Amino acid sequence: MIKKYTLLLFIALTSCDLIDYHPYDGRISDKEDTDINAKNILKIEETCTNKDTIRFVFTGDTQRWLDETEEFVKHVNRQKGIDFVIHGGDLTDFGIKKEYLWQNEILAKLKVPYVALIGNHDIIGNGDLVYESLYGNENFSFRAGGNSMSGGGIHFICLNTNALEYDYSTPVPNFSYIKNVLENKTDEKQRTVFVMHVAPGSEQFNNNVADIFQEKIKEFPSLLFCLNAHDHNFAARDLFNDGIIYYCCDNIAKRTYLLFTITPDNYSYEIIKF
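Trainee: For this particular structure, what's the right way to read the overall build of the protein?
Mentor: Secondary structure summary: the protein contains seven helices and eleven strands in total. A buried classification covers 52% of the 274 residues belonging to the protein. A sequence separation of at least 24 residues applies to 72% of the contacts in the protein between residues at least 6 apart. Surface summary for the protein: the accessible area is close to 13,500 Å², and the carbon and sulfur share equals 52%.

What follows is the structure in structure tokens.
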């Protein structure tokens, strides 16, 4: 009889359907999307090939606002001529896997591909590991427009700048990554946009290297502007008084997003309300 109950207990404890994992468990199953950014970057680069004008949406800090995020997706899907969406980070509030999955379930309904950066809230607990499993490397870049033969287009360089979450024990921003991208950049016709969750001057940024960071990104050809989220309020700031504007988007709860249009000669942006 004892052996019988022991066997039943073992079956119960090892049944996947009966075990409730810890909220910060970061295991990703085969049923869930992985390498989301890499897959969508391929779509972006393919659909934008030979385009000389690029239109994209920038948003961020969707976190707990699932209803507003759903309305955002519906609104973007009704817009015409948008090439892709960039999410500036803070997909989650607590870095929990279920939060990531909820957000991707909504954002995957976009009719255009999207990429997402890592935000400071996304790192909490094991959140950074979940991000890497679902979205890929925390530093990444892609080209929109132009082509491999004649060059050109816009180079979007997306960085993890959430230094405080690592207690400054990890090199954030990763200057080695930035240096490597710069050294391998051979297309002088290509213009550059830097994207990050937190901008220099934020409490999350490693402001001991803020000036060095700015000088390094200005080495890239034709730096157009920078994008950041995190502050939950729109701003357009020349942080270093050098002509490089940092554009910050509202959080999604304010029911706005930024729509950028980059032409061969200039760029413009709109604050879109939904």
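Trainee: When you look at the sheet that holds strand β5 (residues 154-159) in this model, what are you seeing that I'm missing?
Mentor: Sheet strands associate in pairs through backbone hydrogen bonding, adopting either a parallel or an antiparallel arrangement. Within the open sheet, the six strands sit side by side as β4-β5-β6-β7-β9-β8. Their pairing is mixed. Every other strand in the sheet has two partners, leaving β4 (140-144) and β8 (235-237) as the edge strands with one partner each. For this sheet, the mean inter-axis angle between neighbouring strands, taken without regard to orientation, is 20°. Taken together, the three bridges between β8 and strand β9 (residues 246-248) define a ladder with antiparallel strand orientation. Bridge pairing in β9 links alanine 235 to cysteine 248.

Trainee: Would you mind showing me how to read the pattern of salt bridges here?
Mentor: Any two side chains of opposite charge can pair, so long as their charged atoms come close to each other. Counted by the stated rule, this structure contains seven salt bridges. Residue aspartate 93 pairs with arginine 64 through a salt bridge whose shortest N-O separation is 2.9 Å. Here aspartate 93, found in the loop between β2 (84-87) and α4 (97-107), pairs with arginine 64, found in the loop between β1 (54-59) and α3 (66-78); they are 29 residues apart in sequence, far enough to count as distant. Overall, the relative accessible area of 53% leaves arginine 64 in the exposed class.

Trainee: Which parts of the structure should I look at to understand the environment of glutamine 214?
Mentor: Topologically, glutamine 214 is positioned in helix α7 (residues 210-217). Measuring from C-alpha to C-alpha, the distance between glutamine 214 and aspartate 242 comes to 9.5 Å, with 28 residues separating the pair along the chain. When near neighbours in sequence (up to four residues on either side) are disregarded, glutamine 214 contacts Phe240, Asp242, Ile244 and Tyr246.

Trainee: How do you make sense of the environment of glutamate 71 when you look at a structure like this?
Mentor: With respect to the helices, strands and loops of the structure, glutamate 71 is situated in helix α3. By relative accessible area, glutamate 71 is classed as partly exposed at 32%. Each C-alpha atom of the pair glutamate 71 and isoleucine 106 lies 9.7 Å from the other, and the pair is 35 residues apart in sequence.

Trainee: I'm lost on the packing of aromatic side chains in this one. Help?
Mentor: Where two aromatic rings form a pair, the distance of their centres and the angle of their planes describe that pair. Inspection of the entire model under this criterion finds 22 aromatic pairs. With a centroid separation of 5.3 Å and 10° between ring planes, the pair formed by phenylalanine 56 and phenylalanine 260 is classed as stacked. Of this pair, phenylalanine 56 sits in strand β1 while phenylalanine 260 is found in strand β10 (residues 256-262), placing the two residues 204 residues apart along the sequence. Residue phenylalanine 56 shares its accessibility class with phenylalanine 260, and that shared class is buried. Sitting over the face of the ring of tryptophan 65, arginine 64 holds its NZ or CZ atom 4.9 Å from the ring centroid.

Trainee: In this structure, what is going on with the pairing of β4? I would like to understand it.
Mentor: Along a regular strand, successive side chains alternate from one face of the sheet to the other. Only one face of β4 is buried: it carries Phe140, Phe142 and Ala144, and the other face, with Ser141 and Arg143, is open. Of the pairings in the sheet, the one linking β4 to β5 comprises five bridges and is antiparallel in character. For alanine 144, the partnering residue across the bridge sits in β5 and is isoleucine 154.

Trainee: Just checking my understanding: could you explain the nonpolar core for this structure?
Mentor: Nonpolar side chains in soluble globular proteins tend to end up buried together. Counting residues in each nonpolar core, the largest one holds 58 residues, and the members touching the most others are Phe56, Phe72, Phe84, Ile86, Phe142 and Phe156. Element by element, the count of residues in this core is highest for β10, at five residues. Apart from the residues within four sequence positions on either side, isoleucine 86 is in contact with Phe56, Val57, Phe58, Thr59, Val115, Leu117, Phe142, Phe156 and Val195. Of all hydrophobic cores here, the second largest spans 19 residues; its members include Tyr177, Phe205, Ile217 and Ile244.

Trainee: Help me understand the packing of α3 against α4 in this model?
Mentor: Here α3 crosses α4 at 25°, and the two axes come no closer than 9 Å. Between α3 and α4, the angle falls in the class roughly parallel. In this structure, α3 meets α4 at a crossing whose hand is right-handed. Counting all contacts with α3, which are made through Leu66, Thr69, Glu70, Phe72 and Val73, the residues of α4 involved are Trp102, Gln103, Ile106 and Leu107. Here the contact of α3 with α4 is built from residues that sort into six nonpolar, two polar and one charged.

Trainee: Help me understand the sheet that holds strand β3 (residues 114-116), please; the structure alone is not making it clear to me.
Mentor: The strand order β3-β2-β1-β10-β11 describes an open sheet built from five strands, whose pairing is mixed. With one partner strand each, in any of the chains shown, β3 and β11 (267-273) form the two edges of the open sheet. Across this sheet, the average inter-strand angle for adjacent strands is 20°, counted without regard to direction. Pairing of β1 with β2 involves four bridges; the strand directions are parallel. By the bridge assignment, valine 57 is partnered in β2 with valine 85. Contacts between helix α2 (residues 36-47) and the sheet are confined to β2 and β3, with β3 contributing the most and set at about 140° to the helix.

Scoring rules and cut-offs
Chains are numbered independently. Their residues run from 1 in the order of the written sequence. It should be noted that, the model being predicted, local features are given only for residues of pLDDT at least 70 and side-chain atom pairs only at 80 or more, the latter also being counted only at that level, while totals for whole chains, interfaces and linings use all residues. Here the side-chain values reflect all heavy atoms present in the structure, with hydrogen atoms and water set aside. We count a stretch as a helix when DSSP gives it H or I for four or more residues in a row; a strand needs E for two or more, and each element gets its number in order from the N terminus. Only protein chains enter the accessibility calculation, which uses a 1.4 Å probe. A residue is then buried if its area is under 20% of the maximum for its type, exposed if over 50%, and partly exposed in between. Note on contacts: a residue pair is in contact if any heavy atoms of the two residues lie within 4.5 Å. Computed with a 1.4 Å probe, the accessible areas rest on the Shrake-Rupley method; for each residue, only the protein chains presented here act as cover. Between any two strands, at least two bridges found by DSSP are needed for them to pair. Between N-to-C directions, angles span 0 to 180 degrees; the directions come from axes that are lines fitted to C-alpha atoms, helices contributing only their stretch in contact. Should a side-chain nitrogen of Lys or Arg be within 4 Å of a carboxyl oxygen of Asp or Glu, the pair is scored as a salt bridge. Only Phe, Tyr and Trp rings take part, Trp by its six-membered ring, and two of them pair if their centres are within 6.5 Å. Stacked means planes under 30 degrees apart, edge-to-face means over 60, and tilted covers everything else. Note on geometry: a ring has a charge over it if NZ (lysine) or CZ (arginine) is within 6 Å of the ring centre and within 35 degrees of the ring normal. Take the buried Ala, Val, Leu, Ile, Met, Phe, Trp, Tyr and Cys residues and link them wherever side-chain atoms come within 4.5 Å; each set so joined is a nonpolar core. Geometric relationships in this document are graded by angle, where less than 35 degrees denotes roughly parallel, more than 145 denotes roughly antiparallel, 65 to 115 denotes roughly perpendicular, and other angles denote oblique. We call a crossing left-handed when the near helix sits turned anticlockwise from the far one by less than a right angle, and right-handed when that turn is clockwise. Any residue that is not Ala, Val, Leu, Ile, Met, Phe, Trp, Tyr, Cys, Pro, Asp, Glu, Lys or Arg is counted as polar, Gly included; the first ten are nonpolar and the last four charged.

The values are spatial; any link to function lies outside them.
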